[in-house]
Amino acid sequence: MKKLILLIVTLFGPAHGQLAAQSTTTNPLQHQFTYSIIESDAENLSLVADIKNLVVSSTLLADATPFALWSPVDKPDDAPFAGLDSNQVILMLAWDQPAADRVSSVETVLRSLSGVSSVSTRVYTPLYLTDGLNVPTDSGFYVHRDEFYKAENVDDVFRLSREAWVTFEPAFGVKVVGLFREIPEQDGVARLNRIFWYPDFAGWQNSRNFEIDPESQRRFQERRQYQVEGSGIAFATDRVPMP
C-alpha cells in the first residue's frame, strides 16, 4: 500500500469575511495558518471519512471551522508540477487561537488516525484572502505554489500580484483563493504560498497564453525578478466538500 501524504493547512479564526468591515469581531487577515504534512498507509476514501469525522467530533479540534479539503485531480504526466496521488489529500481548518500554540495538539490528534505514521507542520499568516475564511470556488483544478523572496521585497511582490490579478482573473476565468506567508522567516527570506483555482488543466494551460492579457504578463515578469532562484514548487489538487 502506498504511503499517504496528507498536507494540512490549518487556518486560525472564525469564519468571517476578508475585510474588517465585514466582521463584527476579528479580521481574517489577522489570523494564522498551520501547514501540516502527514504520512499514512490508510486508503484515501477511508482517510477522508476519518478526517471529516475527526473535524466534527474531536474535542481537541472543537474550536476548528472547516476551510477546505483538497483531493487528487487528474493531470497529464508531463504537467510542469506535481499532483496528489490517489491516496493523498489536503485539509484546511479555521481556528481562533495562535497557530504555534495549537500545532502540538493538532499533530497529536492527527497521529491518532488509523494508518498515520508522521506529521510535520509549518505556520503561515495570510497576506490575502479572496473571501475571508471561505474558499470562493468549488470543484476544479487548484494549483498550490510555494515561492521564496527576500523579506524586504514582499511588499512589492504582493502589490504586483494584486495588480496582476485584477486583469488575470477575468481574462482567463480563474480565481485566487489566497496568498500566505510562512512564519517565522528564515534568514530574511520569506516563503509565500499561493493557491489558485482553474476550471481544469486546460484552463491552467490557457492562462499561460499571456498575449491574451499583456497587463498581467508585465506584472508577473516584474514579480519574477524578485523570486529566489530555484523556488516556485507547485502541486495540483481538486476539492472535496467539508461538513
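Here the structure is a predicted model, which means the values were calculated and not measured. (Residues numbered from 1 in each chain as written. Predicted model: local features only at pLDDT ≥ 70, side-chain atom pairs only at ≥ 80, totals over all residues. Heavy atoms only, no water.)

Caption draft 1: Seen up close, the overall build of the protein chain. Counting its secondary structure elements, the protein chain contains 5 helices and 10 strands. Within the protein chain, buried positions represent 52% of all 243 residues. Of all intrachain contacts in the protein chain linking residues separated by at least 6 positions in sequence, the fraction that spans at least 24 positions is 81%. (Helix = DSSP H or I, 4+ residues; strand = E, 2+ residues; numbered from the N terminus. Buried < 20%, exposed > 50% of the residue type's maximum accessible area, 1.4 Å probe, protein only. Contact = heavy atoms within 4.5 Å.)

Caption draft 2: Looking closely at the packing of helix H3 (residues 154–172) against helix H5 (residues 214–224). Viewed as axis vectors pointing N to C, H3 and H5 meet at an angle of 160 degrees, and their least axial separation amounts to 8 Å. It follows from the interaxial angle that H3 and H5 lie roughly antiparallel. Between H3 and H5 lies a crossing of left-handed hand. Judged by residue contacts, Val157, Arg159, Leu160, Ser161, Glu163, Ala164, Trp165, Thr167 and Phe168 of H3 engage Glu215, Ser216, Arg219, Phe220, Glu222 and Arg223 from H5. Classifying every residue of the contact of H3 with H5 by side-chain character gives 6 nonpolar, 3 polar and 6 charged. (Axes fitted to C-alpha atoms, helices over the stretch in contact; angles between N-to-C directions. Parallel < 35°, antiparallel > 145°, perpendicular 65-115°, else oblique. Left-handed = near helix turned anticlockwise from the far one by under 90°. Nonpolar A, V, L, I, M, F, W, Y, C, P; charged D, E, K, R; others polar.)

Caption draft 3: The arrangement of the packing of aromatic side chains in detail. Tallying each qualifying case throughout the model produces 14 aromatic pairs. Consider the rings of phenylalanine 210 and phenylalanine 220, whose centres lie 6.0 Å apart with planes at 65 degrees: the pair is edge-to-face. A residue pair is termed long-range when its members are at least 10 positions apart, and phenylalanine 210 in the loop between helix H4 (201–206) and H5 and phenylalanine 220 in helix H5 qualify at 10 residues. Note on phenylalanine 210: relative accessible area 16%, which makes it buried. Taking the relative accessible area as the measure of exposure, phenylalanine 220 reaches 8% and is therefore buried. Through pairs of rings, three or more aromatic residues link up here, namely Tyr128, Trp165, Phe168, Phe172, Phe196, Tyr198, Phe210 and Phe220. (Phe/Tyr/Trp six-rings, centres within 6.5 Å; stacked < 30°, edge-to-face > 60°.)

Caption draft 4: A look at the environment of aspartate 138. Mapped onto the fold, aspartate 138 is located in the loop between strand S6 (116–129) and strand S7 (141–150). Given a relative accessible area of 59%, aspartate 138 falls into the exposed group. For the pair aspartate 138 and valine 240, spaced 102 residues apart in sequence, the C-alpha to C-alpha distance is 8.1 Å.

Caption draft 5: Representation of the pattern of salt bridges. One pass over the structure, following the stated rule, counts 12 salt bridges. For aspartate 138, the salt bridge identified is with arginine 239, shortest N-O distance 3.5 Å. Highlighted residues: aspartate 138 in the loop between S6 and S7 and arginine 239 in strand S10 (residues 233–240), separated in sequence by 101 residues. Notably, a salt bridge pairs arginine 181 with glutamate 185, separated by 2.1 Å at the nearest N-O pair. What makes glutamate 185 partly exposed here is its relative accessible area of 33%. Among the charged side chains, a salt-bridge network with shared partners connects Asp156, Arg159, Glu163, Glu215, Arg218 and Arg219. (Salt bridge = Lys/Arg side-chain N within 4 Å of Asp/Glu carboxyl O.)

Caption draft 6: Examining the pairing of strand S3 (residues 65–71) more closely. A large share of S3 lies buried, amounting to 5 of its 7 residues. Here 3 bridges tie S3 to S10, and the two strands are oriented antiparallel to one another. Within the sheet, the bridge partner assigned to leucine 69 lies in S10 and is valine 240. (Pairing = 2+ DSSP bridges.)

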